[in-house]
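Letter by letter, the chains look like this.
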Amino acid sequence: MKNTLPVLKTLAVALPFGLTAFLCVFGSLTLQTPGTEMILDPREIFVVLGAALTGPLGALLIGTLAGIYDPVPDVYPVTIAMHVAGALWMAFAYKKLVFENITSWLLFPAWSGLVAVYYFVILLPVMVFGSSLSPELFAHLFPDNTPPQALLAFYGLAWPEFILTSVTTTAILALLPKRLRKPRW
């Protein structure tokens, strides 16, 4: 029982982050990207913060909940994959690259770098290239585009969401006492 308590505490912290990410999309708090079936939404705020603070176990739960619903039903496996991959990145990178190795005054620029990698190296490429594994799905999501064209277009459209997520999560981390910024694993 003693060994399961930290796992239960981690899951208890991760669950609200994951459910809130899910509710952002399920509740239609989204914007349609022009020329595609893709959406932009604030769920990434909860994914990046929750995953960073709860570690890999929390990242798996949060990423799955964040991707389990999408307005385009056939894209579920891809949205789950992209959110789980991104959440795992945030969990490991925040603890290993930032929290343990960066001084306080560099924490926030380093955090913004992690969020940039989350969006532009993991999330968007997994979405574009994951959906390209099914030609019908890709054609539905990105009509008249090749995967590289879709990725470049998506990069241009994702900047506002990236900036909102980066600024919002940086502000939240800045407001948290240091002991609450510490990863739970």
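Parameters at a glance
Residues numbered from 1 in each chain as written. Predicted model: local features only at pLDDT ≥ 70, side-chain atom pairs only at ≥ 80, totals over all residues. Heavy atoms only, no water. Salt bridge = Lys/Arg side-chain N within 4 Å of Asp/Glu carboxyl O. Buried < 20%, exposed > 50% of the residue type's maximum accessible area, 1.4 Å probe, protein only. Core = buried A, V, L, I, M, F, W, Y, C linked by side-chain atoms within 4.5 Å. Helix = DSSP H or I, 4+ residues; strand = E, 2+ residues; numbered from the N terminus. Contact = heavy atoms within 4.5 Å. Phe/Tyr/Trp six-rings, centres within 6.5 Å; stacked < 30°, edge-to-face > 60°. Lys NZ or Arg CZ within 6 Å of the ring centre and 35° of its normal. Axes fitted to C-alpha atoms, helices over the stretch in contact; angles between N-to-C directions. Left-handed = near helix turned anticlockwise from the far one by under 90°. Nonpolar A, V, L, I, M, F, W, Y, C, P; charged D, E, K, R; others polar.

**Q** Looking at this structure, I do not really get the pattern of salt bridges. What am I missing?
**A** Charged atoms that come close allow side chains of opposite charge to pair. Summed over all chains, the structure comprises three salt bridges. In this structure, arginine 43 and aspartate 41 form a salt bridge, with 3.0 Å as the shortest nitrogen-oxygen distance. The exposure class of arginine 43 is buried, given its relative accessible area of 3%. Residue class for aspartate 41 comes out buried when judged on its relative accessible area of 5%. Across the salt bridge formed by glutamate 44 and arginine 43, the nearest N and O atoms sit 3.7 Å from each other. As far as the burial class goes, glutamate 44 and arginine 43 line up, both buried. The network of salt bridges with shared partners includes Asp41, Arg43, Glu44 and Asp70.

**Q** Even after reading the chapter, I still don't get the nonpolar core, so can you show me in this structure?
**A** Across soluble globular proteins, you tend to see nonpolar side chains buried next to one another. If you look at the biggest cluster of nonpolar residues, it comprises 43 residues, and the most contacted ones within it are Met90, Tyr94, Trp111, Met127, Leu141 and Phe142. For this core, the secondary structure elements donating two or more residues are α1 (4-26), α2 (43-67), α3 (76-99), α4 (104-131), α5 (135-141) and α6 (147-175). At eleven residues, α4 tops the list of elements feeding residues into this core. Those residues in contact with tryptophan 111 that lie beyond four places of it in its chain are Val48, Leu49, Ala52, Met90, Tyr94, Ser166, Thr169, Thr170 and Leu173.

**Q** How should the packing of aromatic side chains be read in this particular structure?
**A** For any two aromatic rings, the description comes down to two numbers: the centre-to-centre distance and the angle of the planes. Counted according to the given criterion, the structure contains 15 aromatic pairs. Centre to centre, the rings of tyrosine 119 and phenylalanine 162 are 5.9 Å apart; their planes meet at 75°, and the pair counts as edge-to-face. A residue pair is termed long-range when its members are at least 10 positions apart, and tyrosine 119 in helix α4 and phenylalanine 162 in helix α6 qualify at 43 residues. Here phenylalanine 162 falls in the buried class, since its relative accessible area comes to 10%. Both rings, one in phenylalanine 120 and one in phenylalanine 162, keep their centres 5.3 Å apart while their planes meet at 70°; by these two values the pair is edge-to-face. Of this pair, phenylalanine 120 sits in helix α4 while phenylalanine 162 sits in helix α6, and the two are 42 residues apart along the sequence. Take phenylalanine 120 and phenylalanine 162: they sit in the same class, and that class is buried. Here the aromatic cluster, defined as three or more aromatic residues joined through ring pairs, consists of Tyr118, Tyr119, Phe120, Tyr155, Trp159 and Phe162. Taking NZ or CZ as reference, lysine 95 lies 4.3 Å from the ring centre of tryptophan 185, over its face.

**Q** Any chance you could explain the packing of α1 against α2 here in plain terms?
**A** Two elements in contact, α1 and α2, have axes separated by 8 Å at closest approach and are oriented at 145°. Pair α1 / α2 crosses with left-handed handedness. Looking at side-chain class alone, the contact of α1 with α2 contains 20 nonpolar, six polar and one charged residues.

**Q** Teacher, can you tell me more about unusual backbone geometry here?
**A** What is expected of a backbone is that most residues other than glycine have negative phi and most peptide bonds are trans. For serine 28, which is not a glycine, the phi torsion comes out positive at approximately 65°. Counting through the fold element by element, serine 28 comes out in the loop between α1 and β1 (31-32). Note on serine 28: relative accessible area 55%, which makes it exposed. For aspartate 144, which is not glycine, the phi dihedral falls at a positive 65°. Within the secondary structure, aspartate 144 is located in the loop between α5 and α6.

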